[in-house]
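# Commentary on secondary and tertiary structure
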Protein chains: 2
Amino acid sequence: MSYSISEVAKMLNVSTYTIRYYDKEGLFPLVKRVNGIRVFEDKDFPWLRMLNCLKNLNMPIKKIKEYVDLALKGDETLKERYDLILEQEESIEKQIKELKYYKKQIDFKKAYYEKALEAGTEEAVKDWPNPEATLDVDELPNKFRR
Amino acid sequence: MSYSISEVAKMLNVSTYTIRYYDKEGLFPLVKRVNGIRVFEDKDFPWLRMLNCLKNLNMPIKKIKEYVDLALKGDETLKERYDLILEQEESIEKQIKELKYYKKQIDFKKAYYEKALEAGTEEAVKDWPNPEATLDVDELPNKFRR
DNA sequence: CTAAAAGTTAGAGTTAACTCTAAGGCAAGC
DNA sequence: GCTTGCCTTAGAGTTAACTCTAACTTTTAG
């Protein structure tokens, strides 16, 4: 099976402009052209999936390009690519930890507003302890502690 | 206690430029000025913490500004603010789910490279099943399925 | 009293990641 | 054979979020 740029755009949930932009940035070095027109094939999908994954992990396009270039060089860059993946894994874990921390802050605020709404005024919760007081400081993912 | 712009910048782990930019965007309507100079006080810290939280949840500055404006209006906007917080909570949960999904993809790639490194060549893993095959499709956070 | 450090403003410049326009090519259906 | 629609390119425009500069003021330490 083969797919046009607009079909792939739909699958990736981005515009055709974006796909062309990615291509311009060198993210699709192996995609076939027929009469100058991009033809995506089944063999391209594992990479499209990987690209989608890295994009959603907020990897900058330049870094993704570096990864592509490493992959093109073949077996001699296996270790480098592995290290890059390891880095990503750590980054994901850090991100999840951070999100869980911020979720606690948001959940506190949620309870705060529920109480305030019940009372009809924020006055009723003005003296609630701040979220930090109820959280383990070691969980803090940032340097903002005061 | 009171704090200068540079002290607060350090705490938030951003530059003083950034703090002034946030101020210009209306994110600090209640911060005191003495001779035109910003003086951050203890009473400002709960909001600074909240700001930090929303920033790290990728809320755009304009949306944060909307939240600030709602808060300034007082009790009549309690429900709106509550809804905004609820939205954020849902967004966090979605983000965590997505990250967990992408983690699986990265972990697959990690194992792939470990095997390839062991063999010394990617040829050894060329016919590995792709990650999708081993994942529950319902977990997919995006529309990219092929 | 003065020099350095840190603050102020308005506004220009930067960067990433799109997003779109203009001018044109090609293939399918009527 | 012509219109429609999707494709191409180069390159300009947009947006968010900073990031910095220039000119100037205020605070602080010696």
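Everything numeric here is computed off the predicted structure, so don't read it as measured data.

## A few points about helix α1 (residues 5-12) of chain A
All names here are of chain A.
- Among all positions of α1, only Ile5, Val8, Ala9, Met11 and Leu12 are buried. Looking straight down α1, one finds that the buried residues subtend no more than 165 degrees of arc, so they occupy a single side.
- Here the buried face of α1 lies against β1 (2-3), α2 (16-24), β3 (37-41) and α3 (45-56).
- Of the residues one or two after α1, Asn13 is the one with positive phi, at around 65 degrees.

## A few points about the confidence of the model for chain A
- Per-residue confidence for chain A gives a mean pLDDT of 88, with 88% of residues at or over 70.
- Confidence drops under a pLDDT of 50 for residues 133-146 of chain A, and excluding neighbours within four residues, the segment shows 26 contacts in the predicted structure.

## A short note on the relation of the copies chain B and chain A
- Superposition of chain B onto chain A requires a rotation of 180 degrees combined with a translation of 0.0 Å along the rotation axis, giving an RMSD of 0.0 Å. Taken together, the rotation and translation relating the two chain copies correspond to the operation of a two-fold axis. Among all residues of chain B, the one whose C-alpha sits closest to the rotation axis is Ile96 of chain B, at a distance of 3.0 Å.
- Mapped onto chain A, 100% of the interface residues of chain B are again interface residues, and the two copies thus contact each other with one and the same surface.

## Structural notes on the pairing of β3 of chain A
All names here are of chain A.
- Where β1 meets β3, 2 bridges bridge the pair, whose relative direction is antiparallel. Looking at β3, one finds that Ser2 is bridged to Glu41.
- Counting the residues that bridge the hairpin from strand β2 (residues 32-34) to β3 gives 2 residues, and of these Asn35 lies at a positive phi of roughly 55 degrees.

## Observations concerning the protein's contact with DNA strand C
- Near DNA strand C there are 18 residues, and of these Tyr22 and Lys55 of chain A together with Ser6, Arg20 and Arg38 of chain B occur at the shortest range.
- One nitrogen or oxygen atom from the side chain of Arg38 of chain B is found 2.4 Å from a phosphate oxygen belonging to DNA strand C.
- Secondary structure elements with two or more residues in the surface near DNA strand C: α2 and α4 (61-73) of chain A together with α1 (5-12), α2 (16-24) and β3 (37-41) of chain B.
- Top element by residues in the surface near DNA strand C is α2 of chain A. It accounts for 4 residues.

Here is what the cut-offs are and how they apply
- Residues numbered from 1 in each chain as written.
- Chains lettered and ligands numbered in written order.
- Predicted model: local features only at pLDDT ≥ 70, side-chain atom pairs only at ≥ 80, totals over all residues.
- Heavy atoms only, no water.
- Buried < 20%, exposed > 50% of the residue type's maximum accessible area, 1.4 Å probe, protein only.
- Helix = DSSP H or I, 4+ residues; strand = E, 2+ residues; numbered from the N terminus.
- Arc of directions from axis to C-beta.
- Contact = heavy atoms within 4.5 Å.
- pLDDT = per-residue confidence, 0-100.
- Least-squares fit on C-alpha atoms with pLDDT ≥ 70 in both.
- Pairing = 2+ DSSP bridges.
- Near = heavy atom within 4 Å.
- Polar contact = N/O pair within 3.5 Å; in protein donor to acceptor, adjacent residues only side chain to side chain.

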